[in-house]
Amino acid sequence: MTRPRILLLGAGGHGKAMADLLLTGGAYEVVGFVDAAPKARPVLGLPVLGDESLLAALAGQGVTLAHVAVGHNAQRLAAAGRLRAAGFALPSLTHPAALIGHGARIGEGAAILARAVIGPDAEIGPLALINTGAIVEHDCVLAEAAHIGPGAVLAGGVRIGAGALIGAGAVVRPGITIGAGAVIGAGAAVAEDIPPGARVAGVPARPVQGQQI
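Let me begin by describing the structure that accompanies this report. (Residues numbered from 1 in each chain as written. Predicted model: local features only at pLDDT ≥ 70, side-chain atom pairs only at ≥ 80, totals over all residues. Heavy atoms only, no water.)

1. Some remarks on helix H1 (residues 13-25)
The cut-off we apply is this: Runs of E in the DSSP output that reach at least two residues are strands. Runs of H or I that reach at least four are helices, and both are numbered from the N terminus. The span you would expect from a helix comes to 1.5 Å times its residue count less one. Burial status follows relative accessibility: with a 1.4 Å probe on protein chains alone, a residue under 20% of its type maximum counts as buried, one over 50% as exposed, and anything between as partly exposed. By arc we mean the arc of the directions from the helix axis to the C-beta atoms, nothing more. Throughout, a residue-residue contact means that at least one pair of heavy atoms, one from each residue, lies within 4.5 Å.
Taking 1.5 Å as the rise per residue, H1 with 13 residues should run 18 Å; its terminal C-alpha atoms sit 19 Å apart, in good agreement. Of the positions making up H1, those classed as buried are His14, Gly15, Met18, Ala19, Leu21 and Leu22. Viewed along the axis of H1, the buried residues span an arc of 155°, placing them on a single side of the element. Residues of H1 that are buried sit in contact with strand S1 (5-9), strand S2 (29-34), strand S4 (65-68), strand S5 (93-94), strand S8 (111-112) and strand S11 (129-130). One or two positions beyond H1, positive phi appears at Gly26, with a value near 75°.

Structure below.
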């Protein structure tokens, strides 16, 4: 049986993680990567074909599926627009070692990595990224291009705005709302709503300015 062919955009660290997901699952034939800075060496044995100028040629060769393997939220969203404009469909991808609860909904182009848990009736928006070992509990709602970092935990009913980033190992209390574009630092404990665009860190999470979190 012929497997559908898929292209990965982005050959960096997250590209490697997505290649691992696809190779482990085996449902797709991965034709390789395109990348803004093409590398000579293959990634997990898959070729880096060149930059995005190849998109039209690849579509002409019958490659109709692609996935944006870029961790940065705004860049992932922009790249998805370019792929759609070039005629590619963007399937959601779920690692076979992830757990998906009954009634969970996963949007176009979203990625659920290994050991992630998506609870029942959770809603994962288009292009959202649920990284390795993250937990998104029941009834959570994630908007477009949100990113839940490795090992982060969203308790039940949390709402995450578009393009927000929840750092590795952060924990968010039940029912909390985190606004669009907010950044939650690694290891933070979020016990109250976070407004759009805010940057918070610590236990409990508090606003921070001018520093990496």
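2. A word on the environment of Ala182
Within the secondary structure layout, Ala182 lies in the loop between strand S19 (177-178) and strand S20 (183-184). In this structure Ala182 touches Ala164, Leu165, Ile194, Pro195, Gly197 and Ala198, once residues within four positions along its chain are discounted.

3. Remarks on helix H3 (residues 73-85)
Compared with an ideal rise of 1.5 Å per residue, which puts 13 residues at 18 Å, H3 spans 19 Å between its outermost C-alpha atoms and is within 8% of the ideal. Buried residues belonging to H3 abut S1, helix H2 (55-60), S4, S11, strand S14 (147-148) and strand S17 (165-166). Trailing H3 by a residue or two, Gly87 shows a phi angle of about 100°, which is positive.

4. What about the pattern of salt bridges?
Selection criterion: Basic side-chain nitrogens of Lys or Arg form a salt bridge, by our definition, when they fall within 4 Å of a carboxyl oxygen of Asp or Glu.
This structure, assessed with the given rule, holds 3 salt bridges. We note a salt bridge from Arg82 to Glu52, for which the minimum N-O separation is 2.8 Å. Remark: Glu52 occurs in the loop between strand S3 (48-50) and H2 and Arg82 occurs in helix H3; sequence separation between them is 30 residues. With relative accessibility at 23%, the residue Glu52 sits in the partly exposed group. Glu108 is the salt-bridge partner of Arg84, the closest N and O atoms lying 3.0 Å from each other. Of the two residues, Arg84 is situated in helix H3 and Glu108 in the loop between strand S7 (105-106) and S8; the sequence distance between them amounts to 24 residues. On the basis of relative accessible area, Arg84 is assigned to the partly exposed category, the value being 33%. Take Glu108: its relative accessible area is 37%, and that puts it in the partly exposed class.

5. Focus on the pairing of S2
Regular strands have side chains that alternate between both faces of the sheet. Put simply, the rule is: Being paired, for any two strands, means DSSP has found at least two bridges between them. A clockwise path from the first strand over the helix to the second, with the strands pointing away from the viewer, defines a right-handed crossover.
Here S2 lies mainly inside the structure; 5 of its 6 residues are buried. Looking at chain direction, S1 and S2 are connected through 5 bridges and run parallel. Paired with Ile6 across the two strands is Val30, which belongs to S2. In this region the chain leaves S1, passes through H1 and returns to the parallel neighbour S2; the handedness of that crossover is right-handed. Of the pairings in the sheet, the one linking S2 to S3 comprises 2 bridges and is parallel in character. Along S3, the bridge assignment pairs Val34 with Gly50.

6. Looking at the environment of Leu65
Mapped onto the fold, Leu65 is located in strand S4. In the structure, Leu65 is positioned 59 residues away from Ile6 in sequence and 4.7 Å away in space, judged by C-alpha atoms. Setting aside anything within four residues of it in sequence, one finds Leu65 in contact with Pro4, Arg5, Ile6, Leu7, Tyr28, Phe88, Ala89 and Pro91.

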